[in-house]
Amino acid sequence: MKKHLTILALLGSLFAAAGITAAQAETTTTKPAAKKKVVKKAPAKKAAAAAAAAAPVAKMPFSSDAEDDDSEPDLGGTLSADFQCEMGHKLTIWKNETDDKHIAIRWDKRIHRLTRVATTTGANRFENRKMGLVWIGIPAKGLLLDSKKGQQLANECKNAEQMKAAAAAPAATIAAAPHQN
């Protein structure tokens, strides 16, 4: 029994010594890790970017036919209407009386320019394809969609005039309904 334990101990120490020498050989043959170079940006580029961000953005003329969906429109000479929507959403729409091809809409703390798209239903449809915004206006309400995500952003949007008409409509339908006795 002592012989077996001695042989096992001897074999274990032999394998342990072989494992240590193999590990030492492996560490000496591997190449040292390459050092990463740190590249610093030129301070002139940062200063130029900061100056560009601080400079006011040139606004696009509201009635321009250019397909510039990125620029914020110039709202001079336009009429605005505030809309209250479901779930507490609010938006503002600007229209120019001399231009029925474009509107501007304030959504998500930014003003977007939308261009009219022809429809067969008679609804007023305006789109900003780059941002994916779609405004659909009918006499009773408006709807704002995100065409990129395929979801509604705001529904049941009504301005003050539409809210008055909606409040008067139920009273008119009740008065016009025949009474049964």
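Calculation criteria
- Residues numbered from 1 in each chain as written.
- Predicted model: local features only at pLDDT ≥ 70, side-chain atom pairs only at ≥ 80, totals over all residues.
- Heavy atoms only, no water.
- Helix = DSSP H or I, 4+ residues; strand = E, 2+ residues; numbered from the N terminus.
- Buried < 20%, exposed > 50% of the residue type's maximum accessible area, 1.4 Å probe, protein only.
- Phe/Tyr/Trp six-rings, centres within 6.5 Å; stacked < 30°, edge-to-face > 60°.
- Core = buried A, V, L, I, M, F, W, Y, C linked by side-chain atoms within 4.5 Å.
- Contact = heavy atoms within 4.5 Å.
- Lys, Arg positive; Asp, Glu negative; His and termini not counted.
- Salt bridge = Lys/Arg side-chain N within 4 Å of Asp/Glu carboxyl O.
- Polar contact = N/O pair within 3.5 Å; in protein donor to acceptor, adjacent residues only side chain to side chain.
- Pairing = 2+ DSSP bridges.

So, about unusual backbone geometry. The phi dihedral of Asp108 falls on the positive side, at around 60°, and the residue is not glycine. Within the secondary structure, Asp108 sits in the loop between strand S5 (99–107) and strand S6 (110–117). Asp108 sits in the exposed class, given a relative accessible area of 66%. Positive phi is not limited to glycine here, since Lys109 has a value of about 60°. Looking at the element boundaries, Lys109 is found in the loop between S5 and S6.

Turning our attention to the packing of aromatic side chains. Summed over the entire model, instances satisfying the criterion amount to 1 aromatic pair. Arranged with centres 5.4 Å apart and planes meeting at 70°, the rings of Phe83 and Trp135 form a pair that is edge-to-face. With a gap of 52 residues between them, Phe83 in strand S3 (residues 79–84) and Trp135 in strand S8 (residues 133–137) connect regions that are remote in the sequence. Comparing Phe83 with Trp135, the two get one shared label, buried.

The next point concerns the nonpolar core. Core analysis: the largest hydrophobic core is formed by 15 residues, its most contacted members being Leu91, Trp135 and Leu144. Only strand S4 (90–96), S5, S8 and strand S10 (151–157) provide two or more residues apiece to this core. Residue contacts for Leu144: discarding those within four places in its chain leaves Leu91, Ile105, Trp107, Leu133, Val134, Trp135, Gln152, Leu153 and Ala154.

A few words on the side chain of Asp146. Looking at the secondary structure, you find Asp146 in strand S9 (residues 142–146). No salt bridge forms around the buried Asp146; measuring N to O, its nearest opposite-charge neighbour Lys149 is 4.4 Å away. A polar side-chain atom of Asp146 sits 3.2 Å from the main-chain amide nitrogen of Lys149. Sequence-distant contacts of Asp146, that is, excluding residues within four places in its chain, are made with Gly132, Gln151 and Leu153.

In this section: the pairing of S5. Bridge count between S4 and S5: 5 bridges; the pairing is antiparallel. Bridging across to S5, Thr92 finds its partner in Arg106. Hairpin geometry of S5 and S6 is characterised by an intervening segment of 2 residues between the two adjacent antiparallel strands and by a positive phi of about 60° at Asp108.

Right, let's get into the pattern of salt bridges. By the definition in use, this model includes 4 salt bridges. In this structure, Glu156 engages Lys141 in a salt bridge whose closest nitrogen and oxygen atoms are separated by 3.0 Å. Residue Glu156 is located in strand S10, and its partner Lys141 is located in the loop between S8 and S9; the two are separated by 15 residues in the primary sequence. A residue is classified by how much of its surface remains accessible, and Glu156, at 29% relative accessible area, is partly exposed. Residue class for Lys141 comes out partly exposed when judged on its relative accessible area of 24%. Close ionic contact of Lys158 with Glu156 constitutes a salt bridge, the shortest N to O distance being 3.9 Å. Overlapping salt bridges bring together Arg125, Glu127 and Arg129 as one network.

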